[in-house]
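Working through the structure, step by step
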Amino acid sequence: MLRVNPEELNLKDKLVSINRVAKVVKGGKRFSFSALVVVGDGSGWVGIGKGKAAEVPPAIAKAVGRAKKQLIQVPLKNGSIPHDVHGFFCGEHVLMKPAQEGTGIIAGGAVRAILEVLGVNNIVAKTLGRGNPFNVVQATLAGLAQLKDPEAVKRIRQAG
């Protein structure tokens with residue numbers, strides 16, 4: 001896998017979900033916040049991160065830091081993805097199809113957030129499953145990781 005320095009990229013982050021979680025202790029309940037964030041540079045690099053803290057801003061900061069450490073590069077073709085792809089994670093199934101110019105991003109919630117920071121302009125995506133944001137984001141990332149660059153595949157086929 002290709003490593004990149006996150007400081008070299010012009011990354012923007014997007015909050016996918018924020019959740020209040022409770023830990024039951026002897027004296028009652030302790031509340032903390034869990035944040036799910038996606039980061040991307042708008043030209044093929046994307047990462048996801050989850051952070052938890054007693055307050056919302058530190059939870060988001062932790063999530064952004066973790067997302068920057070887990071960047072992957074996704075091949076893009078004319079503002080869309082090169083081919084159809086299915087992403088699976090736990091009970092979630094995300095279907096993504098390339099679309100022609102002018103279609104826009106047709107996707108819901110968590111999938112839309114990833115595709116916006118990734119830099120995709122024309123795509124059709126459907127989430128099949130319950131819609132748990134964390135699992136949807138993981139399934140989307142799993143699908144995007146399967147994408148192959150058409151030129152690289154062409155070179156491999158011609159060589160072999």
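Residues numbered from 1 in each chain as written. Predicted model: local features only at pLDDT ≥ 70, side-chain atom pairs only at ≥ 80, totals over all residues. Heavy atoms only, no water.

For the rest of this paragraph, the subject is the packing of aromatic side chains. Note on aromatic pairs: each is described by the distance of the centres and the angle between the planes. Tallied over the entire structure, the rule returns zero aromatic pairs. In this arrangement the basic side chain of R20 is found over the ring face of F31, its NZ or CZ atom lying 4.0 Å from the centre. (Phe/Tyr/Trp six-rings, centres within 6.5 Å; stacked < 30°, edge-to-face > 60°. Lys NZ or Arg CZ within 6 Å of the ring centre and 35° of its normal.)

Quick reminder: α-helices carry 3.6 residues per turn. Residues three or four places apart thus point the same way. For helix α2 (residues 109–118), the tally of buried residues reaches seven of 10 residues, placing the bulk of the element in the interior. Every buried residue belonging to α2 is among A110, V111, A113, I114, L115, V117 and L118, and all of these are buried. G119 occupies a position one or two residues after α2 and carries a positive phi of about 105 degrees. (Buried < 20%, exposed > 50% of the residue type's maximum accessible area, 1.4 Å probe, protein only. Helix = DSSP H or I, 4+ residues; strand = E, 2+ residues; numbered from the N terminus.)

Before going further, it helps to examine helix α3 (residues 133–145). Spanning 13 residues, α3 covers 18 Å between terminal C-alpha atoms, matching the ideal 18 Å at 1.5 Å per step. Inspection of α3 places N135, V136, V137, A139, T140, L141, G143 and L144 among the buried residues, and these make up the whole buried set. (Expected span 1.5 Å × (residues − 1).)

A grouping of K23, R30, K50 and K52 is seen on the molecular surface, where their side chains present a positively charged patch. Inspection of the secondary structure assignment puts K50 in strand β3 (residues 45–53). (Patch = residues over 30% accessible without salt bridge, like charges linked within 9 Å, V, L, I, M, F, W, Y side chains within 5 Å. Areas by Shrake-Rupley, 256 points an atom, 1.4 Å probe, with all protein chains shown as cover. Salt bridge = Lys/Arg side-chain N within 4 Å of Asp/Glu carboxyl O. Lys, Arg positive; Asp, Glu negative; His and termini not counted. Charge placed at Lys NZ, Arg CZ, Asp CG, Glu CD.)

Let us now look at the environment of V136. Along the chain, V136 falls in helix α3. Look at V136 and you get buried, because its relative accessible area is 4%. It is 6.9 Å that separates the C-alpha atoms of V136 and V111, two residues lying 25 residues apart in sequence. In this structure V136 touches E92, V94, A110, V111, T127 and G131, once residues within four positions along its chain are discounted. (Contact = heavy atoms within 4.5 Å.)

A sheet is described by the order of its strands in space; here four strands give the open sequence β1-β2-β3-β4, paired in antiparallel fashion. Both outer strands of the open sheet, β1 (12–25) and β4 (72–73), are each paired with one neighbouring strand and no more. Direction of pairing for β3 relative to β4: antiparallel, over a ladder of two bridges. Across the sheet, residue W45 finds its bridge partner in β4, namely Q73. (Pairing = 2+ DSSP bridges.)

As recorded in UniProt, the sites labelled "domain: S5 DRBM" (unreviewed entry) are residues 11–74. Secondary structure content for residues 11–74 is 22% helix and 59% strand, and the end C-alpha separation is 15 Å. (UniProt positions renumbered as here; feature names shortened; annotations may be inferred.)

Turning our eyes to something else, we now look at the sheet that holds strand β7 (residues 105–106). The sheet built from four strands is open, its strands ordered β5-β6-β8-β7 with mixed pairing. In this open sheet, the two edge strands, each paired with only one partner strand, are β5 (85–89) and β7. Alignment of β7 against strand β8 (residues 123–128), held across two bridges, turns out to be parallel. Bridge pairing in β8 places I105 opposite I123.

The next point concerns the pattern of salt bridges. Applying the stated criterion across every chain yields a total of two salt bridges. The shortest N-O distance in the salt bridge between R112 and E116 comes to 3.6 Å. With R112 and E116 both in helix α2 and four residues apart, this pair spans about one turn of that helix. In this structure E116 comes out as partly exposed when scored by relative accessible area, which is 28%. Counted as one network, the salt bridges with shared partners bring together K14, R112 and E116.

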